[in-house]
Amino acid sequence: MTNKISDKREHSFFGDVVSYFERAARYTKHPAGLLDQIKCCNSVYRMKFPVRLKEGIKVITAYRAEHSQHKMPVKGGIRYSTAVNQDEVMALAALMTYKCAVVDVPFGGAKGGVCIDPRKYSEVELEQITRRYTSELIRKNFIGPGIDVPAPDYGTGAREMAWIADTYAAFNPGQIDAIGCVTGKPISQGGIRGRTAATGRGVFYGVREAVNIKDDMKKLGLEPGIQNKKVIVQGLGNVGYYTAKFFQQGGADVIAIAEYEGAIYDKNGLDVDEVFKHRKKSGSILNFKNAKNITPSEKALEMACDILIPAALENQINSGNAKRIKAKIIGEAANGPVTPEAERVLLKKGVFIIPDLYLNAGGVTVSYFEWLKNLSHVRFGRMGKRYDELVNRTLVDSIERASGKSLSSKNKEIILHGAGEEDLVNSGLEETMINAYNEIRETWKSNKKIPDLRTATFVVAINKIANSYIALGIFP
Ligand code: NAD
């Protein structure tokens, strides 16, 4: 399946990211040499290693690309897919550099990939492959809490991150910050509450911010607000599931969900958790109660809706289907889901595209919080929660006594609650997504020549990275 997607790529993914960069660089005033340094991919490690599996010895191909070390450590997910190749990891590493800059996360960009279909291997085999990949990264200094910090991506999750952390710690005994060598870990292994849902939650906050702006929605013929918006989501994995769930909770109707085996449609809105349970139980998204089956799955992308969320893989909206897309807003939850050719067609039709390098940055934002937690060796909220609750309780008691009136039990609960780790993580994520959106939009609106939101987002990223290089100086 993933190979099929990759075959459809119109040309180099890294080339696409470079073309977006170059389009935006025209609206900045930095020297050409500095821009060249920012856009190139600094280091790529391609490795081949043998693993002894059930079927015999297999040679695995894998990569780690570090796009920019202007801030250290560098950071980016690890993808398990047969479509992984050098061009893809370079493109995804570059997007990480720009993404971190846009949301003020002080990391350079990186990405890794292992060229396997994880569904074809047992858990034991996946553990073997993951541990061996990690030891190859250690061997070449491509991992470490101050060097390069991976995270989950397509085909990987908390389980793989725990194996990576354990392998790194075994090779670095006594390194007090070893656990900060990777993020997206299970809570019991130094992970942070809120990380699993973070990318989807960030997508929701980002789209919500965009649709709350009345002037922008008026141009699309839409009312402001998430409420009652018709939403279609492609991909019911980590990002797609949480995105769909938050849209449903926010009052939108998730009218279609697409997976690789097909899509389902219900004009009244699907219950996302029920769909998830149904797929887990039956092995397919199809035949969900009261919903219409849509096959092939790609057809769902072309159905009428207000907001389309591609949350599977790159290249899903391309020159082949762009003309038939009816959505008014596309929120790029996946990396690179819209090709430049498709973007030209869509922008001409007036479609509002919220770009990946901003919209899916919630994951790396909360990964940054996890890394901070690992370095400080204490859970956020542990020191202050009870103290805040005591102060709040004293305040509420005093007010009630002085006024002779009681607060409602709901209000009391909100005021008395001291912030725990997840409250702080979600609050930091919301703040980050809101600030970044307004910074991008302001850049776009303040220069009439900047044609679209993606270009504005790249302008914001380029300016921040260039300023960092200028302050840093160039090593002789
Ligand atoms: P995942 O593996 O958890 O989920 C991807 C889902 O997409 C799977 O359920 C898969 O079956 C489905 N899928 C694959 N091909 C499809 C197709 N043609 N049509 C419909 N569904 C299809 O991966 P993920 O972590 O959710 O990542 C999804 C995208 O989001 C990727 O582009 C990734 O780079 C990006 N992303 C992920 C994170 C993160 O924190 N996980 C952060 C930023 C960006």
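Throughout this document, residue positions are counted from 1 along each chain, in the order its sequence is written. pLDDT decides what is reported in this predicted model: residues at 70 or higher carry local features, side-chain atom pairs at 80 or more are listed and counted, and totals for whole chains, interfaces and linings draw on all residues regardless. Side-chain descriptors were evaluated using all non-hydrogen atoms of the structure, hydrogens and water having been removed beforehand.

### Describing the overall build of the chain
Numbering of helices and strands starts at the N terminus; helices are DSSP runs of H or I of at least 4 residues and strands are runs of E of at least 2. Looking only at helices and strands, the chain has 17 helices and 12 strands in total. Here the radius of gyration uses the C-alpha set of atoms, whereas the globule reference equals 2.2 Å times the residue count to the power 0.38. The C-alpha radius of gyration computed for the chain amounts to 23 Å, which stays within 12% of the reference 23 Å derived for 476 residues, consistent with globular compactness. Each of the three principal axes of the chain carries a C-alpha extent, and together these read 75 × 55 × 55 Å. Out of the 476 residues belonging to the chain, those deemed buried represent 58%. Any two residues whose heavy atoms approach within 4.5 Å at even a single point are treated as in contact. A separation threshold of at least 6 residues defines the contact pool for the chain, and within that pool the share at least 24 residues apart is 68%. The Shrake-Rupley method, run with a 1.4 Å probe, gives the accessible areas here. Residue values count only the displayed protein chains as cover. Per element, the accessible surface of the chain, about 20800 Å² overall, is 52% carbon and sulfur. By the counting rule applied here, Lys and Arg register as positive and Asp and Glu as negative, while His and the ends of each chain are not counted. In plain terms, the charge of a residue is placed at NZ if it is Lys, CZ if Arg, CG if Asp and CD if Glu. Here the chain contributes 67 positively and 53 negatively charged side chains, and the mean placements of these two sets differ by 2 Å. Only protein chains enter the accessibility calculation, which uses a 1.4 Å probe; a residue is then buried when its area is under 20% of its type maximum, exposed when over 50%, and partly exposed in between.

### Things to note about the site of the ligand
By convention in these notes, a residue is near a molecule or strand provided one of its non-hydrogen atoms lies within 4 Å of it. As a matter of local geometry, the ligand sits amid 25 residues, with Arg79, Asp153, Thr199, Glu259 and Asn335 nearest to it. One nitrogen or oxygen atom from the side chain of aspartate 153 is found 2.7 Å from an oxygen atom belonging to the ligand. Polar contacts, as used here, are pairs of N or O atoms within 3.5 Å; protein pairs need one atom able to donate a hydrogen and one able to accept it. Residues neighboring in sequence count only if both atoms are side-chain atoms. At a separation of 2.9 Å, an oxygen atom of the ligand approaches a polar side-chain atom of asparagine 335. Starting from 830 Å² of accessible surface for the ligand in isolation, the protein chains cover 91%.

### Some remarks on the confidence of the model for the chain
The pLDDT score gives, residue by residue, the confidence of the prediction method on a 0 to 100 scale. On average, residues of the chain carry a pLDDT of 95, and 97% of them reach 70 or more. Segment residues 1-7 is flagged for pLDDT under 50; beyond a separation of four residues in sequence, or across chains, it makes 14 contacts in the model.

### Digging into the nonpolar core
General note: in soluble globular proteins, nonpolar side chains tend to be found buried as a group. Note on terminology: a nonpolar core comprises buried Ala, Val, Leu, Ile, Met, Phe, Trp, Tyr and Cys residues joined through side-chain atoms within 4.5 Å. Among the nonpolar cores identified, the biggest contains 96 residues, and Tyr98, Val207, Phe247 and Ile309 are the most heavily contacted of them. Considering every element that reaches this core, the biggest residue donor is helix H4 (residues 86-102), with 12 residues. Each of domain 1 (42-189) and domain 2 (198-359) accounts for three or more of the residues forming this core. Every residue in contact with tyrosine 98, bar those within four places of it in the chain, is listed here: Val17, Phe21, Ile38, Lys39, His67, Leu357, Phe458, Ala461 and Ile465. The next biggest cluster of nonpolar side chains, apart from the first, holds 27 residues, and it includes Met47, Leu137, Ile138 and Ile143. Bear in mind that the domain bounds are from an automatic or database domain assignment.

### Let's talk about the state of the cysteines
Disulfides are defined as pairs of cysteine sulfur atoms found within 2.5 Å of each other. Evaluation of the coordinates by the stated rule reveals zero disulfides. Looking at cysteine 40, it has no disulfide partner, and the nearest cysteine sulfur is the one in cysteine 41, 7.5 Å off. A relative accessible area of 30% places cysteine 40 in the partly exposed class.

### Some remarks on the domain arrangement of the chain
Under the domain assignment used here, the chain contains domain 1 (42-189) and domain 2 (198-359). Its C-alpha centre places domain 1 at a distance of 28 Å from the equivalent point of domain 2. Taken together, the contact pairs 11 residues of domain 1 with nine residues of domain 2. Interface of domain 1 and domain 2: buried area, both sides summed, is about 840 Å²; carbon and sulfur atoms make up 56% of it. When two components associate, each loses some accessible surface as probed by a 1.4 Å sphere; the sum of these losses over both components is called the buried area. Contact with domain 2 buries area across many residues of domain 1, yet Leu95, Lys99 and Tyr154 alone supply 43% of it, more than any other trio. In the sections that follow, a salt bridge refers to a side-chain nitrogen of Lys or Arg positioned within 4 Å of a carboxyl oxygen of Asp or Glu. Our count for the domain 1 to domain 2 interface comes out at one salt bridge. Among the ionic pairs, arginine 79 bridges to glutamate 314, the shortest N-O distance being 2.9 Å. Where domain 1 packs against domain 2, one counts three residue pairs in polar contact (both at pLDDT 80 or more).

### Section: the environment of alanine 456
Here alanine 456 is to be found in helix H17 (residues 453-472). Residues within four places of alanine 456 in sequence aside, it is in contact with Ile440, Thr443, Trp444 and Ile450.

### Looking at unusual backbone geometry
At the junction of methionine 72 and proline 73, the peptide bond is cis and its omega measures out at 0° in the coordinates. With respect to the helices and strands, proline 73 occurs in the loop between strand S2 (56-66) and strand S3 (74-80). A cis amide bond, omega -5°, links threonine 295 with the succeeding residue proline 296. Non-glycine residue aspartate 104 carries a positive phi angle of around 55°. Its location among the elements puts aspartate 104 in the loop between H4 and strand S4 (108-114).

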